[in-house]
Structures are given as structure tokens and as C-alpha cells.
Amino acid sequence: MWRFICTTLLAIALVACHTNKNMSKTENTVETTDYTLPQDLSVSASFRMFWEAWTADLTQSGKKIDTYTPSPRLVQRFALRNQNGEYLVSGFLHTDPKFETEAVTQLGGYCVKYNDTMYSFAMPLKSLVHFVALPGITYIEASSPVRPR
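Residues numbered from 1 in each chain as written. Predicted model: local features only at pLDDT ≥ 70, side-chain atom pairs only at ≥ 80, totals over all residues. Heavy atoms only, no water.

Chemist: Could you clarify how one ought to interpret helix H2 (residues 45-61) in this entry?
Modeler: The α-helix winds at 3.6 residues per turn, so residues separated by three or four positions along the chain end up facing the same way. In this model H2 runs 24 Å from its N-terminal to its C-terminal C-alpha over 17 residues, within 8% of the 24 Å that 1.5 Å per residue would give. All of the buried residues in H2 are Ser 46, Phe 47, Phe 50, Trp 51, Ala 53, Trp 54, Thr 55, Asp 57 and Leu 58. Along its buried surface, H2 packs onto strand S1 (42-43), helix H3 (72-77), strand S3 (86-95), helix H5 (128-131) and strand S6 (137-142). Where H2 ends, the next residue or the one after it, Gly 62, has phi of about 75°, a positive value. (Helix = DSSP H or I, 4+ residues; strand = E, 2+ residues; numbered from the N terminus. Expected span 1.5 Å × (residues − 1). Buried < 20%, exposed > 50% of the residue type's maximum accessible area, 1.4 Å probe, protein only. Contact = heavy atoms within 4.5 Å.)

Chemist: What's the story with the nonpolar core in this structure? I'm lost.
Modeler: One recurring pattern in soluble globular proteins: nonpolar side chains tend to sit buried together. Counting 33 residues, the largest nonpolar core has Phe 47, Phe 50, Trp 54, Leu 128, Phe 131 and Ile 140 as the members making the most contacts within it. Of all the secondary-structure elements, those providing two or more residues to this core are H2, H3, S3, strand S5 (118-124), H5 and S6. Among the elements that take part in this core, H2 stands out by supplying 6 residues, more than any other. Leave out the neighbours within four places in its chain, and Phe 131 touches Leu 93, Val 104, Leu 107, Phe 121, Met 123, Ile 137 and Ile 140. (Core = buried A, V, L, I, M, F, W, Y, C linked by side-chain atoms within 4.5 Å.)

Chemist: What should I look at first to understand the pattern of salt bridges in this one?
Modeler: Between side chains of opposite charge, a pair can form when the charged atoms approach closely. A full pass over the atoms with the stated rule returns 1 salt bridge. Note that Glu 86 is salt-bridged to Lys 126, the shortest N-O span being 2.9 Å. Of this pair, Glu 86 sits in strand S3 while Lys 126 sits in the loop between S5 and H5, and the two are 40 residues apart along the sequence. Lys 126 sits in the partly exposed class, given a relative accessible area of 41%. (Salt bridge = Lys/Arg side-chain N within 4 Å of Asp/Glu carboxyl O.)

So, in C-alpha cells, the structure goes:
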């Protein structure tokens, strides 16, 4: 009896997983991408909060990353800088010997070296997904806005 029930449940699960919906070319589809941080990358709490707020803002806007403009609230909360029409996030990097500053430049950002393993950086939001995947970055910390007392 149990063998029959298990076989039936397995068949139902397989059929449910393989259903197909045909869409015409005129139907509107919304492109959503799940942007997640690499598992082997350590980030500060401030950068993780920024990443989560940024991905939520991007998803809510419904735009692709190339045409996305951050909300005024996100710009103010994380002190994003508008430089020539592109919004930049800035912070600090800890790196290992595999890190190459040219890779940051190729993505449209820039970095300043403080010592052999520490840099400050600024990166356009549209290149952020590729930035966090660069080899040699071991830790990212987002800069915090300064608030007068």
C-alpha cells in the first residue's frame, strides 16, 4: 500500500514540475534577477544592509540594472554620489595578492591604495554585481554618511 502511495506522489510531483505554459510573443514579461552576494565574500553589516536595500529598490523599480536610477531615499540613506549621471557607492576593500586595480577601472569605478591589502573604492551601481565577484577581494565595507550633531 505504501509503495503505491509513494509512487503516486512521485508521479504527481514529476508532472507538476514539468508543466509548460506557452506564452505568445506579445505577452509582457517582467525580467527579475536575484542578485546575491558570493558565498566566499565577507562583507560588513553596512554593506549587507546596502546590498539588501539596493536589490529591493532595483526590484521595486521594475527596470533593468542598466537603466535603473536609485530612489532618493536610497541615495540619502547610503550617501550615494551622482557623478556624470551615474550613482556611485563607495567604501573600503580588503584584498589579497590576486586583486588587480585595473579590473575596478574596467568596470567604471576607481580605487585608492592605502597599503598592500586595503583600498578605498567607488563603483557605479550598474557594475556592482560584477564588482563583488572580482578575484582578490576578501572583505567589503560600505562607507557611512556623516551626520552633523
